Amino acid sequence: MANEKVFPMTEEGKQKLEQELEQLKSVKRKEVVERIKIARSFGDLSENSEYDSAKEEQAFVEGRISTLESMIRNAKIIEDDQTLDGVVSLGKTVTFVELPDGDEESYTIVGSAEADPFEGKISNDSPIAKSLIGKEVGDEVKVQTPGGDMDVRITSIS
């Protein structure tokens, strides 16, 4: 078997994935099967858009279930005691000030499986996280982003 990708994540992130998986298996999967049954009752499947739509949704749900199972199976939980205090790493929240104008931003660096920029959680694979990992409070860092380079100073790590 080929080496599967490891998904670093927090315990909270793994629990969210497990909840989503349970929801898909116990609720969504049954709803889709019921939609397929109803669509079949309409007769000719060759021109049945409800049937086609339900089958597409079933494929999506089954694909997501497979993805979640793989992510959970290959999860590597990030433990606080595995990281150095005062150093930016996976699972830490880093606050920095953009230089020279002083816009302050905070992000928690998480694995790609639980990244959600709207909640302030960025993937360890993102350009910002890659630039900040391993740095300490007070360090000035050049961050390469798709929108261009920006210089930042790390103000806190928790």
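Above this text is the structure in question.
Novice: So, the overall build of the chain: which residues are in play, and what are the values?
Specialist: Along the chain, the regular secondary structure elements total three helices and seven strands. For the chain, the succession of helices and strands along the chain, N to C, is β-α-α-β-β-β-β-α-β-β. The C-alpha atoms of the chain give 21 Å as radius of gyration, which overshoots the globular expectation for 158 residues (15 Å, by more than 25%). Each principal axis of the C-alpha distribution contributes one length, and for the chain these read about 70 × 35 × 30 Å.

Novice: Account for the environment of Leu17, with residues named and values stated.
Specialist: On the secondary structure map, Leu17 appears in helix α1 (residues 11-40). Accessibility expressed as a relative area gives 5% for Leu17, which makes it buried. The spatial distance from the C-alpha of Leu17 to the C-alpha of Glu69 is 8.8 Å, given a sequence separation of 52 residues.

Novice: Explain the pairing of strand β3 (residues 93-99) to me, using residue names and the numbers behind them.
Specialist: Looking at chain direction, β3 and strand β4 (residues 104-110) are connected through five bridges and run antiparallel. Paired with Val94 across the strands is Tyr107, a residue of β4. Between β3 and β4, which follow one another and run antiparallel, lie four residues, and Gly102 among them has a positive phi close to 85°. Alignment of β3 against strand β7 (residues 148-157), held across six bridges, turns out to be antiparallel. Bridge pairing in β7 places Phe96 opposite Ile154.

Novice: For the packing of α1 against helix α2 (residues 49-73), give the residues involved together with the corresponding values.
Specialist: As a packed pair, α1 and α2 sit with axes 9 Å apart at the nearest point and diverge in direction by 160°. What the angle tells us is that α1 and α2 run roughly antiparallel. Of the two elements, α1 crosses α2, and the hand of that crossing is left-handed. Grouping the constituent residues of the contact of α1 with α2 by class yields 14 nonpolar, two polar and 14 charged.

Novice: Tell me about α1, and name the residues and values.
Specialist: With 30 residues, α1 should reach 44 Å at 1.5 Å per residue; the first-to-last C-alpha distance of 42 Å fits that figure. At Leu24, α1 shows its largest bend, some 40°. Along α1, the residues classified as buried are Gly13, Leu17, Leu21, Leu24, Val32, Ile36 and Ala39. For α1, the elements touching its buried residues are β1 (7-9) and α2.

Novice: Requested: an account of the pattern of salt bridges, with residues and values cited.
Specialist: Tallied over the full model, the rule gives 11 salt bridges. For Glu12, the salt bridge is made with Lys121, and the minimal N-O distance between the two is 3.8 Å. Of this pair, Glu12 sits in helix α1 while Lys121 sits in strand β5 (residues 121-123); the two residues are 109 residues apart in sequence, bridging distant segments of the chain. Take Glu12: its relative accessible area is 46%, and that puts it in the partly exposed class. The salt bridge partner of Glu57 is Arg35, with a shortest N-O separation of 2.0 Å. Of this pair, Glu57 sits in helix α2 while Arg35 sits in helix α1, and the two are 22 residues apart along the sequence. On the basis of relative accessible area, Arg35 is assigned to the partly exposed category, the value being 34%. Each of the salt bridges in this network shares a partner with another, and the network as a whole consists of Glu12, Lys16, Glu119 and Lys121.

Thresholds, definitions, all that
Residues numbered from 1 in each chain as written. Predicted model: local features only at pLDDT ≥ 70, side-chain atom pairs only at ≥ 80, totals over all residues. Heavy atoms only, no water. Helix = DSSP H or I, 4+ residues; strand = E, 2+ residues; numbered from the N terminus. Rg over C-alpha atoms; globule rule 2.2 N^0.38 Å. Buried < 20%, exposed > 50% of the residue type's maximum accessible area, 1.4 Å probe, protein only. Pairing = 2+ DSSP bridges. Axes fitted to C-alpha atoms, helices over the stretch in contact; angles between N-to-C directions. Parallel < 35°, antiparallel > 145°, perpendicular 65-115°, else oblique. Left-handed = near helix turned anticlockwise from the far one by under 90°. Nonpolar A, V, L, I, M, F, W, Y, C, P; charged D, E, K, R; others polar. Expected span 1.5 Å × (residues − 1). Bend = angle between axes of the 7 residues up to and from the residue. Contact = heavy atoms within 4.5 Å. Salt bridge = Lys/Arg side-chain N within 4 Å of Asp/Glu carboxyl O.

Any functional reading would require information that these geometric values do not contain.
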